[in-house]
Amino acid sequence: MTVNGHLNWVEIDLGAIGSNTKNLHLVTGRPVMVVVKGNAYGHGMVEAARAAEQAGAEWCAVARMEEALVLRQARVNMRILVLGYTAPSDIPQAIANDLRLSVFDRSTAEAYAEQARASGGKLRLHLKIDTGMGRLGIFPEEAIELIRSMMDQSCLEMEGIFTHLARAGEGHTESVQAQLQRFDALLATLSASGLRPPLAHAANSAAALYFPQARYDLTRCGIAAYGLPPIPDKPLPAGFRPALTWKARLISLKTLPAGHGVSFGHRYTTQGVERVGVVATGYADGFRRSANNRVVLRGKCVPVIGAVCMDQCMVQLDEVPDAQVGDEVVIIGATLSALDVASAWGTIPYDVICGLAHRVTRIYV
Ligand SMILES: *Cc1c(COP(=O)(O)O)cnc(C)c1O
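Computed from a predicted model, the values in this text were never measured in an experiment.

### Considerations on the packing of helix α3 (residues 45–54) against helix α4 (residues 65–73)
Now for step 1: At a minimum axis separation of 10 Å, α3 and α4 run at an interaxial angle of 65°. Our pair here, α3 against α4, has a crossing hand that is right-handed. The segment α3 lies against α4, with M45, V46 and A49 engaging E67, V70 and L71.
Now for step 2: Residues belonging to the contact of α3 with α4 are distributed by class as follows: five nonpolar, no polar and one charged.

Here it is in structure tokens:
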């Protein structure tokens, strides 16, 4: 029996990304900045951005300028915010490509102003505030002076001010409220002095859906746009659906005698005569070398046995006697969600889908 076609692929439902984007807009009543960093969480950055754009999103966000430039080369016309660090030497290119950048310290802000002035353009900036994340961001008490001095520079436009919530994804109300209070206090002080930038934003998917007071002027949503729940034990509201299904083929089937080792290190030994299948997925595809993997074959959840190899893994098929070489094996799908896989791997769904390797073919449906 021979197997034709793709051996390991993801099917991506761009209609799901579009309708999830529309739903986010409806639920939040705010413009949605669709976050497409990290190859759109494994979904394909350009395709996902186009789907969001067609669904009416006016904004998208990436982590690094390289990602933004790929979007511009693909003629994505949305407003793009770079959320992470950008080197001052990249400022002329950022201006030429109409990118918005994040800034989170004074010396970088000054270097940006110098570059923008020299290039004769105007740079749009969003100032990031650390209200409790402990990552990027200037502290609220330092922000006022910085904004004042940046507003004096005609080569800079202070378009936005934002913060990021450390515990919205756990539904941790006290933590979210404490961060929002610090942000609100800063916004109030800025407003009183006429210094508040036009766009304030704080909400990731979890906050956008479950903490209405975090919505401000727009929300920054990644995971929910891909149809996955940002809070693990809280299903998304009706209407959201996952965009991604991950599949591989069964490429070999054999009967092993009792006491036969399976895969590197012989971590598994057959108890009796066992039907064993070889599936074309391995850790080079992003299928992790974890001990408790399962996949779905002909509607049955079957255990992966022995160590996962780079390009293959083995499954125990005693429960699926009619399995055939060439069968589709579902790694992430309706029966086994990204959340199920994440809990088997001791991680979060973000990590699972972002880990989908480049060589896994993306098929858009
Ligand atoms: C990645 C990211 C988001 C999106 O988070 P989700 O939980 O996927 O919605 C929002 N804001 C910032 C700053 C981010 O880095």
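### Here we look at the environment of L209
Now for step 1: Along the chain, L209 falls in helix α9 (residues 205–210).
Now for step 2: A relative accessible area of 9% places L209 in the buried class.
Now for step 3: C-alpha of L209 to C-alpha of P230: the two residues are 21 residues apart in sequence and 9.0 Å apart in space.
Now for step 4: Setting aside its immediate chain neighbours within four residues, L209 contacts L24, V27, R215, A224, P230, L236, P237 and F240.

### A closer look at the pattern of salt bridges
Now for step 1: Here the structure, examined in full by the defined rule, presents 17 salt bridges.
Now for step 2: The shortest N-O distance in the salt bridge between R106 and E110 comes to 3.5 Å. Of this pair, R106 and E110 are both found in helix α6 (residues 106–119), four residues apart, which corresponds to roughly one turn of the helix.
Now for step 3: R167 is paired through a salt bridge with E170; the nearest N and O atoms lie 2.8 Å apart.
Now for step 4: Looking at R167, the relative accessible area reads 32%, which means it is partly exposed.
Now for step 5: Among the ionic contacts, a cluster of salt bridges with common partners joins D98, R100, R124, E157 and E159.

### A closer look at helix α8 (residues 173–192)
Now for step 1: Taking 1.5 Å per residue, 20 residues should reach 28 Å; α8 reaches 28 Å between its end C-alpha atoms and fits that length.
Now for step 2: Restricting attention to buried positions, one finds in α8 the residues S175, V176, Q179, L180, F183, L186, L187 and L190. Taken end-on, α8 shows its buried residues confined to a sector of 120°, consistent with a single buried face. When the buried face of α8 is taken as reference, the exposed residues oriented beyond 90 degrees from it are E174, Q181 and A192.
Now for step 3: Considering only its buried residues, α8 is in contact with β6 (123–129), α7 (140–151), β7 (156–163) and β8 (199–201).

### Observations regarding the nonpolar core
Now for step 1: Among the nonpolar cores identified, the biggest contains 116 residues, and V36, L71 and W246 are the most heavily contacted of them.
Now for step 2: One finds V262, V278, I305 and C309 within the second-largest nonpolar core, a separate group that totals seven residues.

### Focus: the site of the ligand
Now for step 1: Taken together, 14 residues lie near the ligand, and K37, Y41, S205, R220 and Y350 sit nearest.
Now for step 2: Taking G222, its main chain carries an N or O atom lying 2.9 Å from an oxygen atom of the ligand.
Now for step 3: One nitrogen or oxygen atom from the main chain of I223 is found 2.8 Å from an oxygen atom belonging to the ligand.
Now for step 4: When the ligand is considered free in solution it has 390 Å² of accessible area, and contact with the protein chains removes 93% of it.
Now for step 5: Here the residues of the shell around the ligand are counted per class, giving six nonpolar, four polar and four charged.

### Looking at the sheet that holds strand β9 (residues 219–221)
Now for step 1: In space, the eight strands of this open sheet follow the order β8-β7-β6-β5-β4-β3-β2-β9, with parallel pairing throughout. Two strands lie at the open edges of the sheet, namely β8 and β9, each paired on one side alone. This sheet shows a mean twist of 30° between the axes of neighbouring strands, independent of strand direction.
Now for step 2: Alignment of β6 against β7, held across seven bridges, turns out to be parallel. Among the inter-strand pairings, L127 is bridged to a residue of β7, identified as I161.
Now for step 3: The sheet contacts of α4 involve β3 (59–62), β4 (79–82) and β5 (99–103), and relative to β4 the element is tilted by about 165°.

What counts and how
- Residues numbered from 1 in each chain as written.
- Predicted model: local features only at pLDDT ≥ 70, side-chain atom pairs only at ≥ 80, totals over all residues.
- Heavy atoms only, no water.
- Axes fitted to C-alpha atoms, helices over the stretch in contact; angles between N-to-C directions.
- Helix = DSSP H or I, 4+ residues; strand = E, 2+ residues; numbered from the N terminus.
- Left-handed = near helix turned anticlockwise from the far one by under 90°.
- Contact = heavy atoms within 4.5 Å.
- Nonpolar A, V, L, I, M, F, W, Y, C, P; charged D, E, K, R; others polar.
- Buried < 20%, exposed > 50% of the residue type's maximum accessible area, 1.4 Å probe, protein only.
- Salt bridge = Lys/Arg side-chain N within 4 Å of Asp/Glu carboxyl O.
- Expected span 1.5 Å × (residues − 1).
- Arc of directions from axis to C-beta.
- Core = buried A, V, L, I, M, F, W, Y, C linked by side-chain atoms within 4.5 Å.
- Near = heavy atom within 4 Å.
- Polar contact = N/O pair within 3.5 Å; in protein donor to acceptor, adjacent residues only side chain to side chain.
- Areas by Shrake-Rupley, 256 points an atom, 1.4 Å probe, with all protein chains shown as cover.
- Pairing = 2+ DSSP bridges.

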